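Observations on the model geometry
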Amino acid sequence: MTALTNPLADPYLALSKVYSEGTYLKQALASTPVEPANRARTSRICYGVLEKDIYLSKIIAANTEKQPKSSVRLILKIALYMLEFMQKHDYMVIDCAVELAKKAGKGGAAGFINAFLRSYKLPETPSGADERLSFECSVPLWLAKKVRRSYKSQAKDILSAPSQGVCVRFERGEEKYLSAEHTDTPFDGVYIFRNFTRDEGYDLGDYTFQSVGSVAICSAISPCERLLDACAAPGGKSALLAKKCKNIVACEIHPHRVGLITSYAGRMSVKNIQAVCADSSVLNPEYEKAFDAVLCDAPCSGSGVINENPDIKLFRKEEDIASLNKIQLAIIENCCKYVKEGGKLYYSTCSVLPEENDSVIYNFLQSSPEYAPITLSSPLKNMQTKYGLQFLPHISLGAGFYIAALERK
């Protein structure tokens, strides 16, 4: 089975790791030997299938009496994506899907796959508002409900906002790359490219890949002497903040991710970051009132970056939000002890859900009267919330991030 003869083969191998083994797509693509000439096509198909997973699943459910086995279902999803969203010729896709099934040891399903792809009909759009939003944006119903409840008429635009491309932050030499199609951002040296091929400049530290939302978070943080980045891996925010903070302690709970911070800082020639393996929800007495500022970039649902990471829609469950809330609150309630009087505490996520953002700040303030909110601003378009700034994918160059700032009285 080779990608040279069958364009469905490489996507099938990579997506099998995602659907069957729970591997994140970027890891699955990196660990799958993809034909170099077909890498762009394979990546597009893989991202597309995950982005449209719920829609494709509904097509399959509407045209079958019982759910096909997982491997057959995956072949159908890849074929359906190519037919519905890549405008590929029916006969080519169907023949390749049948051939793939045989070579993957699913020859018994070849006839079913052939008949399905020749005769399937698109399902009707659901009538309920939440169900229709889930269907049209291909997001889990629970996420559609939460976003519609919070953002009303903006919900569809938020959930269907496409990726803007590859965001690159340059340290130097950007002139060499700006002849390629790109979008300017409101931040110096930061551009979004429709396509960008990594070259030796990356290893030399001339540039790095960093989302515009991450850059916006760093931009909102004031310069200071000593800053704690409480959940720092892989190190992008720490490296950028090192430009305006004299000394940074970057914490990460997992040892191998501490290594990512050190590696990132080394590649970007940043010398004022100390990477530490620590649980930011557990008190370190040595850190009490030791920092001018603390950034809690808390673990979250990732609901603001599903356009860049569509596998989030597959892996994240509604019940995860409550457990994430406990972690978020535990981190900020612990890290607030590390801020000097008069210092600042920042809380950020890559979520668009208010219960992970403003609600966490509200709950924190109920038990921490020594803190008061600070008004923030950003050159990146955003929505002002009660306590912070909410960047939204449809207005903020594809970014769905949040930041709030509090001052210790």
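The text that follows walks through the structure, step by step, so that each part is easy to find. (Residues numbered from 1 in each chain as written. Predicted model: local features only at pLDDT ≥ 70, side-chain atom pairs only at ≥ 80, totals over all residues. Heavy atoms only, no water.)

Concerning the overall build of the protein
The helix and strand tally for the protein stands at 17 helices and 13 strands. In terms of overall dimensions, the protein is globule-like: its C-alpha atoms have a radius of gyration of 23 Å, near the 22 Å expected for 409 residues. Each principal axis of the C-alpha atoms in the protein carries an extent, and together these give about 70 × 50 × 35 Å. Within the span of the protein, comprising 409 residues, buried residues form 53% of the whole. Long-range pairs, those at least 24 residues apart, make up 67% of the contacts in the protein between residues at least 6 apart in sequence. A total of about 18,500 Å² of accessible surface is found on the protein, and carbon and sulfur atoms cover 50% of it. Between the mean site of the 49 positive side-chain charges and the mean site of the 45 negative ones, the protein shows a separation of 3 Å. (Helix = DSSP H or I, 4+ residues; strand = E, 2+ residues; numbered from the N terminus. Rg over C-alpha atoms; globule rule 2.2 N^0.38 Å. Buried < 20%, exposed > 50% of the residue type's maximum accessible area, 1.4 Å probe, protein only. Contact = heavy atoms within 4.5 Å. Areas by Shrake-Rupley, 256 points an atom, 1.4 Å probe, with all protein chains shown as cover. Lys, Arg positive; Asp, Glu negative; His and termini not counted. Charge placed at Lys NZ, Arg CZ, Asp CG, Glu CD.)

Section: the sheet that holds strand β2 (residues 182-184)
Reading across from one edge, β2-β3-β1-β4 is the order of the four strands in this open sheet, with antiparallel pairing throughout. At either margin of the open sheet sits one strand with a lone partner, and together these are β2 and β4 (207-209). Strand-to-strand twist of the sheet, defined as the mean angle between neighbouring strand axes without regard to direction, takes the value 30°. Pairing geometry for β2 and strand β3 (residues 190-193), over three bridges, is antiparallel. Bridge pairing in β3 links Asp184 to Tyr191. (Pairing = 2+ DSSP bridges. Axes fitted to C-alpha atoms, helices over the stretch in contact; angles between N-to-C directions.)

A short note on unusual backbone geometry
With an omega of 5°, the peptide bond between Ala233 and Pro234 qualifies as cis. Turning to its location among the elements, Pro234 is positioned in the loop between β5 (224-229) and α13 (236-241). The phi dihedral of Ser138 is positive, around 50°, even though this residue is not glycine. By secondary structure assignment, the location of Ser138 is in the loop between α8 (129-137) and α9 (141-151). Of note, Leu397 is a non-glycine position whose phi angle comes to about 55°, a positive value.

Structural notes on the pairing of strand β8 (residues 291-297)
Each regular strand carries side chains that alternate between the two faces of the sheet. Among the seven residues of β8, six are classified as buried, and the element is accordingly described as predominantly covered. Where β5 meets β8, three bridges bridge the pair, whose relative direction is parallel. From the neighbouring strand, Asp229 faces β8, where its bridge partner is Leu295. The pairing of β8 with strand β9 (residues 339-349) spans six bridges and is classified as parallel.

Let's talk about the nonpolar core
Leu143, Val147, Leu159, Leu227, Ile273, Phe391 and Ile403 are the most contacted members of the largest nonpolar core, which totals 57 residues. Counting 41 residues, the second-largest nonpolar core is a separate cluster that includes Ala14, Leu50, Ala79 and Ile94. (Core = buried A, V, L, I, M, F, W, Y, C linked by side-chain atoms within 4.5 Å.)

Let's talk about the pattern of salt bridges
Enumeration over the complete set of coordinates arrives at 17 salt bridges. Note that Arg148 and Asp130 form a salt bridge whose closest N and O atoms lie 2.6 Å from each other. Residue Arg148 is located in helix α9, and its partner Asp130 is located in helix α8; the two are separated by 18 residues in the primary sequence. In this structure, Asp320 engages Arg316 in a salt bridge whose closest nitrogen and oxygen atoms are separated by 3.4 Å. Judged by relative accessible area, Arg316 falls into the partly exposed class, the value being 24%. (Salt bridge = Lys/Arg side-chain N within 4 Å of Asp/Glu carboxyl O.)

With respect to helix α7 (residues 110-119)
Those residues of α7 that sit buried are Ala110, Ile113, Phe116 and Leu117. Buried residues in α7, looked at end-on, bunch into an arc of 130°, giving them a common side. Against α4 (53-62), α5 (70-85) and α6 (90-103) lie the buried residues of α7. (Arc of directions from axis to C-beta.)

A look at helix α14 (residues 255-267)
Helix length check: α14 (13 residues) gives 19 Å between terminal C-alpha atoms against 18 Å at 1.5 Å per residue, within 8%. For α14, the complete set of buried residues consists of Val258, Ile261, Tyr264, Ala265 and Arg267. Of the residues trailing α14, Ser269 is marked for its positive phi of about 55°. (Expected span 1.5 Å × (residues − 1).)

A few points about the state of the cysteines
Counting across every chain of the model gives zero disulfides. Left unpaired, Cys231 is separated from the closest cysteine sulfur, that of Cys296, by 6.5 Å. As a non-bridged cysteine, Cys251 has Cys335 as the owner of its nearest cysteine sulfur, 7.4 Å distant. For Cys251, a relative accessible area of 2% corresponds to the buried category. (Disulfide = S-S within 2.5 Å.)

Remarks on the pairing of β3
The side-chain alternation of β3 yields two buried faces, one formed by Val190 and Ile192 and the other by Tyr191 and Phe193. Here strand β1 (residues 166-170) pairs with β3 via four bridges, running antiparallel. Paired with Val166 across the two strands is Phe193, which belongs to β3. Taking the residues between adjacent antiparallel strands as the criterion, β2 and β3 are bridged by five residues, where Gly189 takes a positive phi near 75°.

Considering the environment of Ile403
As for its position among the elements, Ile403 is in strand β13 (residues 402-408). By relative accessible area, Ile403 is classed as buried at 0%. In this structure the C-alpha to C-alpha distance between Ile403 and Tyr347, which are 56 residues apart in sequence, comes to 5.6 Å. With residues near it in sequence (within four places) discarded, Ile403 still touches Ile217, Ala220, Ile221, Tyr346, Tyr347, Ser348, Leu376, Gly388, Leu389 and Phe391.

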